[in-house]
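Chains, contacts and geometry: an overview
What follows is each chain in one-letter form.
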Amino acid sequence: GAGVSQSPSNKVTEKGKDVELRCDPISGHTALYWYRQRLGQGLEFLIYFQGNSAPDKSGLPSDRFSAERTGESVSTLTIQRTQQEDSAVYLCASSFGTSGRNEQFFGPGTRLTVL
Amino acid sequence: AQSVAQPEDQVNVAEGNPLTVKCTYSVSGNPYLFWYVQYPNRGLQFLLKYITGDNLVKGSYGFEAEFNKSQTSFHLKKPSALVSDSALYFCAVRDRGARYNFNKFYFGSGTKLNVKP
């Protein structure tokens, strides 16, 4: 596709349920990133992938959060036993190659609401 | 520790006036610097970046930014603001010298720009 896509665009769930968020990066982009943006706040880095590997998982808020990427393409962010504080917009981004000079391209985000 | 600071939560400017959105950074090496814009209910869009060379970088929609190494700043500017420029602006930095996690971006907290007619 032309850009980064994310699904679902909106997700409402009940506290304690598991959710899975999906990101389709731009074709050929080897790096993929997940961020969390709470209402009215900046971006909180969660995790990034270089290929299918995640060198830095330190941004994941708790062990309820996990992410994987397969085929150097699609990535899923899973939140287990959701809590109300998990409510936020989850943004995915991808970039081409491993050079630090390459900008990120962002998807539209998934708005997660935990009731 | 790497960090990015956007000292103003909000900037108000009248249409037609020049605007500046401030950004300062702290990295252990030499940075790559970026500006992104976020319109309501949209993802972030890339505006411009500083990699090397001329300290004044020109980007999309008439925006430009000046890299100042001595002041560790990368302020975003536009000579004449438009109402349609009203959005949330994020500064981001990458440490080009980082041995590990060179792909990691550090984002500022964002500055809301309000351009009034």
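In this text the structure is predicted, and so the values were computed from the model without any measurement. (Residues numbered from 1 in each chain as written. Chains lettered and ligands numbered in written order. Predicted model: local features only at pLDDT ≥ 70, side-chain atom pairs only at ≥ 80, totals over all residues. Heavy atoms only, no water.)

Observations concerning the overall build of chain B
- For chain B, the count of helices and strands is zero helices and twelve strands.
- Listing the helices and strands of chain B from first to last along the sequence gives β-β-β-β-β-β-β-β-β-β-β-β.
- Compactness check: chain B gives a C-alpha radius of gyration of 14 Å against a globular reference of 13 Å for 117 residues, within 12% of the reference.
- Overall size of chain B, expressed as C-alpha extent along the three principal axes, is 45 × 30 × 20 Å. (Helix = DSSP H or I, 4+ residues; strand = E, 2+ residues; numbered from the N terminus. Rg over C-alpha atoms; globule rule 2.2 N^0.38 Å.)

Brief notes about the side chain of Arg69(A)
Residues and elements named next belong to chain A.
- Topologically, Arg69 is positioned in strand S7 (residues 65-69).
- Lacking a salt bridge, the buried Arg69 has Glu72 as its closest oppositely charged neighbour, with an N-O distance of 6.1 Å.
- Side-chain polar atoms of Arg69 contact the backbone oxygen of Glu72, separated by 3.0 Å.
- Setting aside its immediate chain neighbours within four residues, Arg69 contacts Pro25, His29, Thr30, Ala31, Leu32, Phe49, Gly51, Asn52, Val74 and Ser75. (Buried < 20%, exposed > 50% of the residue type's maximum accessible area, 1.4 Å probe, protein only. Lys, Arg positive; Asp, Glu negative; His and termini not counted. Salt bridge = Lys/Arg side-chain N within 4 Å of Asp/Glu carboxyl O. Polar contact = N/O pair within 3.5 Å; in protein donor to acceptor, adjacent residues only side chain to side chain. Contact = heavy atoms within 4.5 Å.)

Remarks on the pattern of salt bridges
- With the rule as written, the count across this model stands at eight salt bridges over all chains.
- Note that Asp85(B) and Lys78(B) form a salt bridge whose closest N and O atoms lie 2.8 Å from each other. For the residue pair Asp85(B) and Lys78(B), the accessibility class agrees, reading buried in each case.
- The network of salt bridges with shared partners includes Arg36(A), Arg38(A) and Glu44(A).

Remarks on the side chain of Asp85(B)
All names here are of chain B.
- Relative to the helices and strands, Asp85 is located in the loop between strand S9 (73-78) and strand S10 (87-95).
- Take Asp85: its relative accessible area is 3%, and that puts it in the buried class.
- Separated by 2.8 Å, the side chains of Asp85 and Lys78 make a polar contact.
- Within the local environment of Asp85, its side chain forms a polar contact with the backbone nitrogen of Leu82, the two atoms lying 2.9 Å apart.

Overview of the nonpolar core
- Core analysis: the largest hydrophobic core is formed by 28 residues, its most contacted members being Trp35(B), Leu47(B), Leu48(B), Phe74(B), Leu76(B) and Tyr89(B).
- Of the residues forming this core, the biggest block, four residues, is contributed by S10(B).
- Leaving out residues up to four positions away in the same chain, Leu76(B) has contacts with Leu19(B), Thr20(B), Val21(B), Trp35(B), Leu47(B), Leu48(B), Phe63(B), Glu64(B), Ala65(B) and Tyr89(B).
- Listed in part, the 21 residues of the second largest apolar core include Ile26(A), Phe49(A), Leu60(A) and Ala67(A). (Core = buried A, V, L, I, M, F, W, Y, C linked by side-chain atoms within 4.5 Å.)

Some remarks on the interface of chain A and chain B
- Opposite the 26 residues of chain A that make contact, chain B presents 22 residues.
- For the pair chain A and chain B, the number of links is one salt bridge.
- For the pair chain A and chain B, the number of links is five residue pairs in polar contact (both at pLDDT 80 or more).
- If you list the elements that add at least two residues to the side of chain A that touches chain B, you get strand S4 (31-37), strand S5 (43-50), strand S6 (53-56) and strand S9 (88-95) of chain A.
- Looking at the side of chain A that touches chain B, its residues break down into ten nonpolar, twelve polar and four charged. (Nonpolar A, V, L, I, M, F, W, Y, C, P; charged D, E, K, R; others polar.)

Digging into the packing of aromatic side chains
- Evaluation of the coordinates by the stated rule reveals 17 aromatic pairs over all chains.
- Where Tyr35(A) meets Phe107(B), the ring centres are 5.3 Å apart and the plane angle is 85°; that geometry is what we call edge-to-face. Taken together, the positions of Tyr35(A) in strand S4 and Phe107(B) in strand S11 (residues 106-107) put the pair across two chains. The residues Tyr35(A) and Phe107(B) share a single accessibility class, namely buried.
- Both rings, one in Phe34(B) and one in Phe105(B), keep their centres 5.0 Å apart while their planes meet at 55°; by these two values the pair is tilted. Here Phe34(B) is found in strand S5 (residues 31-38), whereas its partner Phe105(B) is found in the loop between S10 and S11, with 71 residues between them in sequence.
- Within the aromatic cluster, the residues linked to one another by ring pairs are Tyr33(A), Tyr35(A), Phe45(A), Tyr48(A), Phe106(A), Phe34(B), Tyr36(B), Phe46(B), Phe105(B) and Phe107(B). (Phe/Tyr/Trp six-rings, centres within 6.5 Å; stacked < 30°, edge-to-face > 60°.)

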